[in-house]
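For reference, the chains in residue letters:
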Amino acid sequence: MSLRYALIALLTSRPMTGYDLSKSFSRSVAHVWHAPDSQIYPELNRMERDGLLDSVEVPWGKKGTKKEYHVTDAGLADFRKWMESPLVPQRQRDPAYLKAAYFDFADPAAVREQLRQQRAYWEEHLAMLEATRATLVDRSHPTLAARIAKLSECEAELAVRYKIYAYDGLIARARTELAWIEDGFALVDELCGPTRERPSCRSDSARG
């Protein structure tokens, strides 16, 4: 259900077509809630059916049209209700941690390669988060700029500061992941040595 609220959050800045929403989603909300186009477009249809959105046909290309979505009063009320409801923590499902718990079944070279891949991902992700945060601080982020243009300075400050707070959490998480990965490299070197293929105690028997 959170996808619809992520979409409403984007539409509070300005009305958008599904195409514009998808682009805005990928450079903002997707950092905290991933969803492909195959989920976004059907959800927009459901939200319109449920009265959370209205749409109008707008020109697209030379002869075509597209739906432009607007949040209804009912949509805003539903969004506020969701925002003020208690958050139920979700249990973690992360294959990286599951695999790490059983690295003793893997060759050390394979472990190091997985750690290198994870490090490359988190380094790129961290750079993207920090760059996005900078556009929130200077208020140049396009989605944020469109929203705060309609707000008083006090309201704009609230919107900006809370978004920076969210990105500070994402950045802290990315840095924690990178530190954990470096600990993994150190642990493999400690247990297996920098060149040794396998620890001498390794066996192929099942272990829990």
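Residues numbered from 1 in each chain as written. Predicted model: local features only at pLDDT ≥ 70, side-chain atom pairs only at ≥ 80, totals over all residues. Heavy atoms only, no water.

> I would appreciate a short explanation of unusual backbone geometry in the present structure.
Residues apart from glycine generally show negative phi values, whereas peptide bonds are mostly found in trans. The phi dihedral of R139 falls on the positive side, at around 65 degrees, and the residue is not glycine. Its location among the elements puts R139 in the loop between α6 (108-137) and α7 (142-148). (Helix = DSSP H or I, 4+ residues; strand = E, 2+ residues; numbered from the N terminus.)

> What am I meant to see in the packing of helix α1 (residues 2-11) against helix α2 (residues 18-26) here?
To characterise two packed helices, one gives the angle between the axes of the helices and the distance between these axes. The contact between α1 and α2 brings their axes to 10 Å, and the two run at 100 degrees. Taken together, the axis directions place α1 and α2 in an arrangement best described as roughly perpendicular. Residues L3, A6, L7, L10 and L11 of α1 form the contact with α2, whose participating residues are L21, S24 and F25. Grouping the amino acids of the contact of α1 with α2 by side-chain chemistry returns 7 nonpolar, 1 polar and no charged. (Axes fitted to C-alpha atoms, helices over the stretch in contact; angles between N-to-C directions. Parallel < 35°, antiparallel > 145°, perpendicular 65-115°, else oblique. Contact = heavy atoms within 4.5 Å. Nonpolar A, V, L, I, M, F, W, Y, C, P; charged D, E, K, R; others polar.)

> Mind showing me how you'd approach the side chain of E43 here?
Within the secondary structure layout, E43 lies in helix α3 (residues 37-49). There is a polar contact of 2.8 Å between the side chain of E43 and the side chain of R4. Leaving out residues up to four positions away in the same chain, E43 has contacts with L3, R4 and L7. (Polar contact = N/O pair within 3.5 Å; in protein donor to acceptor, adjacent residues only side chain to side chain.)

> Just checking my understanding: could you explain α2 for this structure?
In an α-helix, one turn spans 3.6 residues; hence positions three or four apart end up facing the same way. Listed in full, the buried residues belonging to α2 are G18, D20, L21, S22, S24 and F25. Against the buried residues of α2 lie α1, β1 (16-17), α3, β3 (64-71) and α7. (Buried < 20%, exposed > 50% of the residue type's maximum accessible area, 1.4 Å probe, protein only.)

> Teacher, can you tell me more about the domain arrangement of the protein chain here?
For an interface, size is often stated in terms of accessible area lost upon the parts coming together. Along its sequence, the protein chain is organised into domain 1 (2-84) and domain 2 (96-207). Here the C-alpha centre of domain 2 lies 29 Å away from the C-alpha centre of domain 1. Listed per partner, the contact involves 9 residues of domain 1 and 11 residues of domain 2. Between domain 1 and domain 2 the total buried area reaches about 810 Å² when both faces are included, carbon and sulfur atoms providing 57% of it. One can count 0 salt bridges joining domain 1 with domain 2. Between domain 1 and domain 2 we count 3 residue pairs in polar contact (both at pLDDT 80 or more) in total. Looking at the side of domain 1 that touches domain 2, its residues break down into 2 nonpolar, 5 polar and 2 charged. (Domains from an automatic or database assignment. Buried area = accessible area lost by both parts, 1.4 Å probe. Salt bridge = Lys/Arg side-chain N within 4 Å of Asp/Glu carboxyl O.)

> I would appreciate a short explanation of the UniProt feature "domain: Transcription regulator PadR C-terminal" (unreviewed entry) in the protein chain in the present structure.
According to UniProt, the feature "domain: Transcription regulator PadR C-terminal" (unreviewed entry) maps to residues 93-183 in the numbering used here. In the segment residues 93-183, helix accounts for 81% and strand for 0%; the C-alpha atoms at its two ends are 21 Å apart. (UniProt positions renumbered as here; feature names shortened; annotations may be inferred.)

> What is the right way to look at the pattern of salt bridges in this model?
Side chains bearing opposite charge may pair, as long as their charged atoms lie close to each other. This model, assessed by the stated rule, comprises 13 salt bridges. When the shortest N-O distance is used, the salt bridge between R46 and E43 registers 2.9 Å. One end of the pair is R46 and the other is E43, both in helix α3 and 3 residues apart, which spans about a single turn. Exposure remark for E43: the relative accessible area of 9% places this residue in the buried category. Of the charged contacts, one joins R49 and D50 as a salt bridge, the two residues approaching to 3.4 Å between their closest N and O atoms. What makes R49 exposed here is its relative accessible area of 61%. Taken together, the shared-partner salt bridges in this structure form one network comprising R4, E43, R46, R49 and D50.

> Could you clarify how one ought to interpret the sheet that holds β3 in this entry?
Hydrogen bonding along the main chain pairs the strands of a sheet, whether they run parallel or antiparallel. Here 3 strands make up an open sheet; going across it, the order is β1-β3-β2 and the pairing antiparallel. Every interior strand has two partners, whereas the edge strands, β1 and β2 (53-60), have only one. Note: β1 against β3, 2 bridges, orientation antiparallel. Directly across from T17, in β3, lies its bridge partner E68. Those strands touched by α1 are β1, β2 and β3, and its axis lies near 95 degrees from that of β3. (Pairing = 2+ DSSP bridges.)

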